[in-house]
Amino acid sequence: MSEQSPAEYRIEELAHRSGATVRTIRAYQDRGLLPKPERRGRANVYGDSHLVRLRQISGLLDRGFTLASIRELLEAWDAGRGLGGVLGLVAEVDGPWTDEETGRITRAELDERFGGQPDDAAVEDAVELGVLVRVAGERDSFLVPSPQELAVAAELHAAGIPLLAISGHLRELRTQVEHIAGRFLDFTTEHVFQQYFDHTPSDDEAAEAASLVRRLRPLAQQTVDAELARAMRTLATRYLRRRLNEVTSSGASPALPCHHRPQPRSGEPVTLPADLLDAVRDLVGEEDAAAFVTAATLREVQARTMDELSSRRTARP
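Residues numbered from 1 in each chain as written. Predicted model: local features only at pLDDT ≥ 70, side-chain atom pairs only at ≥ 80, totals over all residues. Heavy atoms only, no water.

### Comments concerning the packing of helix H1 (residues 11-18) against helix H2 (residues 22-31)
And step 1. One can describe the packing of H1 onto H2 by two numbers: an axis separation of 9 Å at closest approach and a directional angle of 100 degrees. Comparing their axes, H2 and H1 come out roughly perpendicular. Contacts between H1 and H2 involve Ile11, Glu12, Leu14 and Ala15 from the first element and Val22, Ile25 and Arg26 from the second.
And step 2. Here the contact of H1 with H2 is built from residues that sort into five nonpolar, no polar and two charged. (Axes fitted to C-alpha atoms, helices over the stretch in contact; angles between N-to-C directions. Helix = DSSP H or I, 4+ residues; strand = E, 2+ residues; numbered from the N terminus. Parallel < 35°, antiparallel > 145°, perpendicular 65-115°, else oblique. Contact = heavy atoms within 4.5 Å. Nonpolar A, V, L, I, M, F, W, Y, C, P; charged D, E, K, R; others polar.)

### Things to note about the pattern of salt bridges
And step 1. Under the criterion given, the structure shown has 11 salt bridges.
And step 2. Note that Arg107 and Asp111 form a salt bridge whose closest N and O atoms lie 2.9 Å from each other. Of this pair, Arg107 and Asp111 are both found in helix H6 (residues 107-113), four residues apart, which corresponds to roughly one turn of the helix.
And step 3. In this structure, the salt-bridge partner of Arg134 is Glu124, at a minimum N-O distance of 2.3 Å. Remark: Glu124 occurs in helix H7 (residues 120-129) and Arg134 occurs in strand E4 (residues 133-135); sequence separation between them is 10 residues.
And step 4. On the basis of relative accessibility, which here comes to 43%, the residue Glu124 falls in the partly exposed class.
And step 5. Through salt bridges with shared partners, one network takes in Glu8, Glu38 and Arg40. (Salt bridge = Lys/Arg side-chain N within 4 Å of Asp/Glu carboxyl O. Buried < 20%, exposed > 50% of the residue type's maximum accessible area, 1.4 Å probe, protein only.)

### Observations concerning the packing of H1 against helix H3 (residues 48-62)
And step 1. In the contact formed by H1 and H3, the axes pass within 10 Å of each other and the chain directions differ by 40 degrees. When the axes of H1 and H3 are compared, the pair comes out oblique. Of the two elements, H1 crosses H3, and the hand of that crossing is right-handed. Of the residues in H3, those touching H1 at Leu14, Arg17 and Ser18 are His50, Leu51, Leu54 and Arg55.
And step 2. Residues belonging to the contact of H1 with H3 are distributed by class as follows: three nonpolar, two polar and two charged. (Left-handed = near helix turned anticlockwise from the far one by under 90°.)

### Section: the pairing of strand E5 (residues 138-144)
And step 1. Note: strand E3 (residues 103-106) against E5, four bridges, orientation antiparallel. Opposite Thr106, over in E5, you have Ser141 as the bridge partner.
And step 2. Pairing between E4 and E5: three bridges, direction antiparallel. Opposite Val135, over in E5, you have Glu138 as the bridge partner.
And step 3. Where E4 hands over to E5, the hairpin turn is made up of two residues, of which Gly137 adopts a positive phi near 85 degrees. (Pairing = 2+ DSSP bridges.)

### Points about the confidence of the model for the chain
And step 1. Confidence in the prediction for the chain averages 79 pLDDT; 77% of positions are at 70 or higher.
And step 2. No element of the chain has a lower mean pLDDT than helix H12 (residues 289-315), at 61, and none a higher one than H6, at 95.
And step 3. Taken as a whole, residues 252-267 scores under 50 in pLDDT and shows 25 contacts with residues more than four places along the chain or in a different chain. (pLDDT = per-residue confidence, 0-100.)

### A look at H3
And step 1. Between its first and last C-alpha, H3 extends 21 Å over 15 residues, near the 21 Å set by a 1.5 Å rise per residue.
And step 2. Taken as a whole, H3 has its buried residues at His50, Leu51, Arg53, Leu54, Ile57, Gly59 and Leu60.
And step 3. Just beyond H3, the residue with positive phi is Gly64, at close to 100 degrees. (Expected span 1.5 Å × (residues − 1).)

Right, here's the structure in full:
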């Protein structure tokens, strides 16, 4: 049985098989990224090694490497140092940064979840933001990269916030969160990863860096979660105390629609500003809102009483 001859390609066929253009292949040759073809008479002949190299370059470009860094990596590969460690590090960085699993939802389920009223503009906005991802070939199906994020939007909408206002808030929040992520990456690069970036890392160094990525990956989210909880506790308390002070010092505000009125269990009904009650509901939930307002008011009254008693004592001769 005769051995199969090695595959041979003209440049046009190599371009077709690799997905690159003829112009790109020639540019890679000029940059030293792709070996020169074998000359056969007047024709240039390429082999499987060229096809493999083009696919390696394409994969590295997809992972964000520049052509200059790709050349260094390929030179290391040709020198026998291997790409396994570096590609393992890249795969670790490219891996999921959350344990949350992608969900799926139909348009009918989406409409029902958001009050039963179809809103094409809001859906397009969600697709643009990446909250929803259209399923290829299925007109009314969507992937949900973060079911938690979609659930938050549904709760906010159920509380009375318009969908376009929610998406506008998400845009603003996303900009701020991306700034936080960038600062965390700058911080960890300066103090942890810089030692791996001033040269092409060996397999052992790349494996060590990948291990560090796994260890540090959850720290950014844990830090932000803790700081957000602290800030919400501080700012919400301060905000509610200020608004309660306004209510108790200026008297009752104009009457509000029935759905904004707390339902006290006994005594005279008291009206509160709509945005104040909405803030309380967001903080503790609908069913505990009235109890929270009552407790906060009582604490404020008690604090003022104690302040008055203390000032009386101080004023006595």
